[in-house]
Amino acid sequence: MAPPRPRSVLALDVGRRRIGLAGCDPLGLTVTPLPALARGDFQADLGRLLELVRQRRVETLVVGLPLDASQRPTPQGVHCRRYGLRLARGLAALGQPLPLAWVDEHASSWSAGERFGLHGDRSGRLDSAAAALLLEQWLREGPEALGPALISADPVDPAAIVVGTRAGADSF
């Protein structure tokens, strides 16, 4: 699988309490962990994320999707997929349609904790470090993001959702 084209991207590591965030420059060279977003109600999250998308001139969203060993979404993976689709649709409704890509985030928090010495962190730094690892992986491996017109209206319909993995891409 070819790497995606360079552009400004916002990666999200969606958790129940916080969303880890990371971004990259328009050339896809520098990945930066951003302050994590403490989850509130969806409309409040959407407003804060819209502001960030506009500030950083984001062109694509990348959302981490926890998969099991068989490349099937875990219960948290279903939640992350719903959130990513809802966010993409919400941004589109506010005049900011963005392509959306998925990355297998299996063990991303553990890897970020190891790499950055953040095990046990509750400040959100670990969440954003995990989002940075997801973004680095996506920049290397893809898959290319789905355009806004291809994003399913059904948040649990797995059709056409391709997830980048270290071994290639699998759809589920």
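Look a little higher up for the structure.
Cut-off values and rules
- Residues numbered from 1 in each chain as written.
- Predicted model: local features only at pLDDT ≥ 70, side-chain atom pairs only at ≥ 80, totals over all residues.
- Heavy atoms only, no water.
- Helix = DSSP H or I, 4+ residues; strand = E, 2+ residues; numbered from the N terminus.
- Buried < 20%, exposed > 50% of the residue type's maximum accessible area, 1.4 Å probe, protein only.
- Contact = heavy atoms within 4.5 Å.
- Areas by Shrake-Rupley, 256 points an atom, 1.4 Å probe, with all protein chains shown as cover.
- Expected span 1.5 Å × (residues − 1).
- Axes fitted to C-alpha atoms, helices over the stretch in contact; angles between N-to-C directions.
- Parallel < 35°, antiparallel > 145°, perpendicular 65-115°, else oblique.
- Left-handed = near helix turned anticlockwise from the far one by under 90°.
- Nonpolar A, V, L, I, M, F, W, Y, C, P; charged D, E, K, R; others polar.
- Pairing = 2+ DSSP bridges.

*Asks:* Hey, could you go over the overall build of the protein chain for me, with residue numbers and the actual values?
*Replies:* Along the protein chain, the regular secondary structure elements total four helices and seven strands. Listing the helices and strands of the protein chain from first to last along the sequence gives β-β-β-α-β-α-β-α-α-β-β. The 172 residues of the protein chain split such that 51% are buried. Considering only contacts in the protein chain between residues 6 or more positions apart, those separated by 24 or more positions represent 64%. Just so you have it, the protein chain exposes about 8100 Å², and 54% of that area is on carbon and sulfur atoms.

*Asks:* Tell me about helix H4 (residues 125–141), and name the residues and values.
*Replies:* Across its 17 residues, H4 extends 24 Å between first and last C-alpha, which sits within 8% of the 24 Å expected from 1.5 Å per residue. Across the 17 residues of H4, 14 count as buried, placing the element largely inside the fold. Just beyond H4, the residue with positive phi is Gly142, at close to 80°.

*Asks:* Help me get a handle on the packing of helix H1 (residues 42–55) against helix H2 (residues 75–93), residues and values and all.
*Replies:* A packed helix pair is summarised by two numbers, namely the angle formed by the two axes and the spacing between the axes. The contact between H1 and H2 brings their axes to 10 Å, and the two run at 65°. Classed by the angle they form, the pair H1 and H2 counts as roughly perpendicular. Between H1 and H2 the crossing geometry is right-handed. Here H1 contributes Phe42, Asp45, Leu46, Leu49, Leu50 and Val53 to the contact with H2, which in turn contributes Tyr83, Arg86, Leu87, Gly90 and Leu91. Here the residues of the contact of H1 with H2 are counted per class, giving eight nonpolar, one polar and two charged.

*Asks:* Describe the pairing of strand S3 (residues 31–38), and please don't skip the residues or the numbers.
*Replies:* Relative to S3, strand S2 (residues 18–24) runs antiparallel, the two being bridged by six bridges. Bridging from a neighbouring strand, Ala22 pairs with Pro33 of S3.

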